[in-house]
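Summary of structural features
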Amino acid sequence: MKQQLMKMLEQRKDEMIQIRRYLHEYPELSFQEEKTAQYIADFYKGKDVEIQTNVGNGYGIIVTIEGGKPGRTIGLRADFDALPIHEETDVPFKSKNEGVMHACGHDAHTAYLLVLADCLIKLKAELAGTIKVIHQHAEEVPPGGAKSIVESGVLDGVDAVYGIHLFPTNPAGDVGYHSGYSMAGRTYFKLRIQGVGGHGSSPHMANDAIVAGAHFVTSIQTVVSRRLNPFDMGVITIGSFDGKGQFNVIKDSVELEGDVRYMTTEVQELISKEIHRIAKGIEEEFGVKCELDYVPDYPPLFNDPEITAEVVAALQSSTEPEIKSVTEFPMFSGSEDFAYYAAKYPSCFFYIGSKPKGVEKPYFNHHPKWEIDEDALLVAAKAVAEVVCRG
Ligand SMILES: [Zn+2]
Ligand SMILES: [Zn+2]
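Residues numbered from 1 in each chain as written. Chains lettered and ligands numbered in written order. Predicted model: local features only at pLDDT ≥ 70, side-chain atom pairs only at ≥ 80, totals over all residues. Heavy atoms only, no water.

Another aspect to go through is the UniProt feature "domain: Peptidase M20 dimerisation" (unreviewed entry) in the protein. Feature annotation in UniProt places "domain: Peptidase M20 dimerisation" (unreviewed entry) on residues 185-280, given in this structure's numbering. Here residues 185-280 is 36% helix and 34% strand, with 24 Å between the C-alpha atoms at its ends. (UniProt positions renumbered as here; feature names shortened; annotations may be inferred. Helix = DSSP H or I, 4+ residues; strand = E, 2+ residues; numbered from the N terminus.)

Now the structure itself:
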C-alpha cells in the first residue's frame, strides 16, 4: 500500500499546490474561517467518510477514515487560519482578502493533508487502523481551536496525534524533530496604566501614564536578564503600547500588551510573579493605577519520546527521494496549540523545511514577505504518509 500511496501523492503534487494557492488567495482570520471550512467540507463531499463540522469552539472539522484492516487510531492535524497581515509578496496568488495573509503556512498544511487524506480514503481497504483527520481552525489566536477540539471528546481513543509545521530556515527535503519539550508555552498579558491627563506645559498638575508605561517596559527587561537562571529559557515581548495622543497633551492612560514564552512551568511561574511585582512597583513609584490581566494560554509542547522515536525511525528508513534529511532541531521559542493534543495524547509535532529556492535569508513565519518552496508540500505529504504506513 505504501508504494501505491507514495505514487498517488507524487501524481497529485500539482493539485496540492493548486489547493495551497487557492487557500493563500482567500485567507481568513482565526475563528472567522467560514469559507475555508466550507471549502474543506466540500472537498470531502461524496467521499466515503464520516465528517463532523463545527467541532470545538469554531469551524473545526474531523474526518474519520476507517481502514479495512485492524490497527491503531491516529490523528493527523493541520490548521487552516491566517493572520491579520497585509501581504507584501509579488506572488500571482497573493491574498485577495485585504489585510489578511497566510503567513504561517497553514494554507500549505491544509493542502497537503487534504490530498493525503483523499489518497488514504481511496486506499482505505488496505489501510490498517483508523485515521482522524483534524482540520483545525484558529491556531493563531488564543484560546485557539485545539483545546476545544480535545475537550469535545471527538478524539477520545486515539493512540497518537501527529502534526507538522513548515519551517523556513531549512530547504524543502529537510525534516526536523525534537523529542520531549520542543516548543514554548505562552502567556498573554495586558496592562492598563491609569494616570492623570493634563496640559503638556504643566506636568506637575498631571500624572503621565506614558512615562510610567515606559518604565514598565524597561523594568521587565530585567526579568529574563537578571532573574532567570541562565540555563532556563524565557522571552518577554511587549507587542503593543497604545500611547497615541496629542503632542502637547499629557496622556491619562496607556494600555500595553505583551507575550511571554517559557519551556517549563517553573519559569512560567517565576515570570508571572516578576511581572506582577513590577506592575505593583510602577503603582508605587509613579502613583498610577495598574490593572494587569495575565492569561497563560498555550502550554509548552511536549513530544512523546517513544512516538517521536517511531516517527524518526519511519522517516530515516524512508527511501522516498523527496525526504532528503531527518535531523534533530533545537527547541523552538514559538508556541503552538498543538500542545493541547500533546498534553492529552502521545504526540509528535515535527518540522518540514520550506525555504524558498535561491533565497539565502528567508523571511520567518508571520512576516508580510513570507514565502515557501512549494516542493515542501509533497515532502510533508510523504513524511506523514511514512508515519501513517508505519501503523
Ligand atoms: Zn503562526
Ligand atoms: Zn503556524
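So, on to the coordination of the zinc ion (ligand 2). Protein ligation of the zinc ion (ligand 2) involves Cys-104 (SG), His-106 (NE2) and His-165 (NE2), the donor distances falling in the range 2.1 to 2.4 Å. In primary-sequence terms, the residues that donate to the zinc ion (ligand 2) follow C-x1-H-x58-H. In this model, the zinc ion (ligand 2) sits 3.1 Å from the zinc ion (ligand 1), the two metals being bridged by Cys-104. Owing to a relative accessible area of 8%, Cys-104 belongs among the buried residues under this scheme. (Donors = N, O, S within 2.8 Å, 3.2 Å for Na, K, Ca; no water. Buried < 20%, exposed > 50% of the residue type's maximum accessible area, 1.4 Å probe, protein only.)

Let's shift gears to the packing of helix α4 (residues 106-122) against helix α10 (residues 375-389). Interaxial distance between α4 and α10 falls to 9 Å at its minimum, and their mutual angle equals 45 degrees. The orientation of α4 with respect to α10, classified from their angle, is oblique. Both α4 and α10 take part in a crossing whose hand is right-handed. Touching Ala-108, Ala-111, Tyr-112, Leu-116 and Leu-120 of α4 are Leu-377, Ala-380, Ala-381, Val-384, Ala-385 and Val-388, all from α10. Classifying every residue of the contact of α4 with α10 gives 11 nonpolar, no polar and no charged. (Axes fitted to C-alpha atoms, helices over the stretch in contact; angles between N-to-C directions. Parallel < 35°, antiparallel > 145°, perpendicular 65-115°, else oblique. Left-handed = near helix turned anticlockwise from the far one by under 90°. Contact = heavy atoms within 4.5 Å. Nonpolar A, V, L, I, M, F, W, Y, C, P; charged D, E, K, R; others polar.)

With that out of the way, let us pick up the sheet that holds strand β13 (residues 289-296). Sheet strands pair by backbone hydrogen bonding; their relative direction is either parallel or antiparallel. Spatially, the four strands line up as an open sheet ordered β10-β12-β8-β13, and their pairing is antiparallel. Each end of this open sheet is capped by a strand with a single partner; those strands are β10 (234-242) and β13. Going from strand to strand, the sheet's axes swing by 20 degrees on average, the running direction of each strand aside. Alignment of strand β8 (residues 185-194) against strand β12 (residues 253-262), held across 10 bridges, turns out to be antiparallel. Each bridged residue has a counterpart across the sheet, and for Arg-186 the counterpart in β12 is Arg-261. Helix α6 (residues 209-227) contacts β8, β10 and β12 of the sheet and is inclined by roughly 170 degrees relative to β10. Taken strand by strand, helix α7 (residues 265-286) contacts β8, β10, β12 and β13, and its axis lies near 170 degrees from that of β13. (Pairing = 2+ DSSP bridges.)

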